[in-house]
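Structural characterization, general
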Amino acid sequence: MNVGLKEIAGQAGVSVATVSLVLNGKPGVSVETRDRVLQIATEVNYNPRGKKTAREKDAGTIKFLKIVKHGHILNENHRVFIADYMDGLSKGAKHFGYNLLVSSFQSVSIPEILESIDLSRVTGMAVLGTELEENDFTCFSEIEIPIVFIDVFHDFYPFDFIDMDNPEAVFKIVSHFYEMGHREIGLVGGTPVTRNFSLRERGFLDALKYYQLQVNRDWL
C-alpha cells in the first residue's frame, strides 16, 4: 500500500503543503514539525507514487540514527542543529541518488537499536554520536557497512568521525578575550562529562598556560 502526502499530513496534524515542503527540503517549517514529518515518513516507508525506490536505481539507502540516550546534552535547545544535520544529509543523499531514512531513538540501548535495523536494506549509516559513551562504539564494530559518526571523535575505532576541533576552538576564544584585555577567565562545562567537554577544558587550560594566566578552580 502506497502512503501519500495526505496520510502523512493527517498523522502529523499539518497540511499537505507543509509535508511537501519538508520532504523536498524547503524552508518555512518549524524544527519540531520538520522532525515529526520526517519521522512519520520514515515509519510508513513513504515513497512518491510512480517513482522507483533508491534500491531500484541501485543507489542505495542511507540510514541516519538520531540517538538520545539521556537527554542531558541533546535537549530541546539542540533541535535546530539536529534539523540542520538532517537537512544537509537529505540534500546530499538526494544529490548522489541515495534514499535517506531517519530513525529517532530515545532512551533505547545501542544493541536494541541495531537489532531493530534491517541492515540488508541499508547501504550506509550516519549516527548522531553526541551522547554516545566510548563503550557504545564497540556495538557497531560488527557492522560491515560504512558508518560515519557526527559530533564526536575517538582515535582508535575503525570509523569515520565528523567533529569540531574542540581544543583549538576554545583556545581561540580565550585568545580573543585576552586580546580584549580580560585576565580573569572562566569555563562553563557540563555533566555528564563527554569527550567534547573534556577536550574543551584541555584547550582552555592550555590557553591559560600559554598566556600565563591564573587557573582558578572556582571559575570552572
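Here the structure is a predicted model, which is why all the values come from computation and not from measurement.

Considerations on helix 1 (residues 5-12)
Within the sequence span of helix 1, burial applies to Ile8, Ala9 and Ala12. Looking straight down helix 1, one finds its buried side chains confined to an arc of 100°; they lie on one side. Away from its buried face by more than 90 degrees, helix 1 exposes Lys6 and Gly10. Looking at the buried positions of helix 1, the neighbouring elements they touch are helix 2 (16-23) and helix 3 (31-43). In the segment just after helix 1, Gly13 is the residue with positive phi, at about 70°.

Some points on the environment of Ile143
Along the polypeptide, Ile143 turns up in the loop between strand 3 (124-128) and strand 4 (147-150). For Ile143, a relative accessible area of 13% corresponds to the buried category. For the pair formed by Ile143 and Gly124, sequence separation is 19 residues and the distance between their alpha carbons is 9.9 Å.

Notes on the confidence of the model for the chain
Regions with low pLDDT should not have their predicted coordinates read in detail. In the predicted model, the chain carries a mean pLDDT of 82, and the fraction of residues at 70 or more is 86%. The secondary-structure element of the chain with the lowest mean pLDDT is helix 4 (residues 79-95), recorded at 80, while helix 6 (residues 166-179) shows the highest, at 94. In this model residues 52-56 is a low-confidence stretch, pLDDT under 50, and it forms twelve contacts with partners more than four residues away in sequence or in other chains.

Let's talk about the packing of aromatic side chains
All chains considered together, the criterion is met by twelve aromatic pairs. Note on Phe137 and Phe149: the rings are 4.9 Å apart at their centroids and 70° apart in plane angle, and the pair reads as edge-to-face. With Phe137 in the loop between strand 3 and strand 4 and Phe149 in strand 4, the pair connects residues that are twelve residues apart, well separated along the chain. You can call Phe137 buried: its relative accessible area is 0%. With a centroid separation of 5.6 Å and 25° between ring planes, the pair formed by Phe149 and Phe161 is classed as stacked.

Quick look at the side chain of Asp151
The residue Asp151 is located in the loop between strand 4 and strand 5 (160-162) in this model. For Asp151, the side chain forms a polar contact with the side chain of Thr130, separated by 2.6 Å.

So, the sheet that holds strand 1 (residues 61-68)
A sheet is described by the order of its strands in space; here five strands give the open sequence 2-1-3-4-5, paired in parallel fashion. This sheet does not close on itself; its edge strands, each paired only once, are strand 2 (99-106) and strand 5. Going across the sheet, the axis of each strand differs from the next one's by a mean of 20°, ignoring polarity. Relative to strand 3, strand 1 runs parallel, the two sharing five bridges. Bridge pairing in strand 3 links Phe64 to Ala126.

Things to note about the pairing of strand 1
Most of strand 1 sits inside the fold, with seven of its eight residues counted as buried. With eight bridges connecting them, strand 1 and strand 2 associate as parallel partners. Opposite Ile67, over in strand 2, you have Phe105 as the bridge partner.

So, the pairing of strand 4
Relative to strand 4, strand 3 runs parallel, the two sharing four bridges. From the neighbouring strand, Met125 faces strand 4, where its bridge partner is Ile147. By the bridge criterion, three bridges tie strand 4 to strand 5 in an arrangement that is parallel. Counted as the bridge partner of Ile150 is Ile162 from strand 5.

Quick word on the pattern of salt bridges
Applying the stated criterion across every chain, the model contains three salt bridges. For the salt bridge of Lys66 with Asp35, the shortest nitrogen-to-oxygen distance reads 2.8 Å. Separated by 31 residues along the polypeptide, Lys66 in strand 1 and Asp35 in helix 3 bring together distant segments of the chain. Pair check on accessibility: Lys66 and Asp35 agree, each one buried. A salt bridge links Glu201 to Arg217; its shortest N-O distance comes to 3.7 Å. Here Glu201, found in helix 7 (residues 195-210), pairs with Arg217, found in the segment after helix 7; they are 16 residues apart in sequence, far enough to count as distant.

Conventions adopted
- Residues numbered from 1 in each chain as written.
- Predicted model: local features only at pLDDT ≥ 70, side-chain atom pairs only at ≥ 80, totals over all residues.
- Heavy atoms only, no water.
- Buried < 20%, exposed > 50% of the residue type's maximum accessible area, 1.4 Å probe, protein only.
- Helix = DSSP H or I, 4+ residues; strand = E, 2+ residues; numbered from the N terminus.
- Arc of directions from axis to C-beta.
- Contact = heavy atoms within 4.5 Å.
- pLDDT = per-residue confidence, 0-100.
- Phe/Tyr/Trp six-rings, centres within 6.5 Å; stacked < 30°, edge-to-face > 60°.
- Polar contact = N/O pair within 3.5 Å; in protein donor to acceptor, adjacent residues only side chain to side chain.
- Pairing = 2+ DSSP bridges.
- Axes fitted to C-alpha atoms, helices over the stretch in contact; angles between N-to-C directions.
- Salt bridge = Lys/Arg side-chain N within 4 Å of Asp/Glu carboxyl O.

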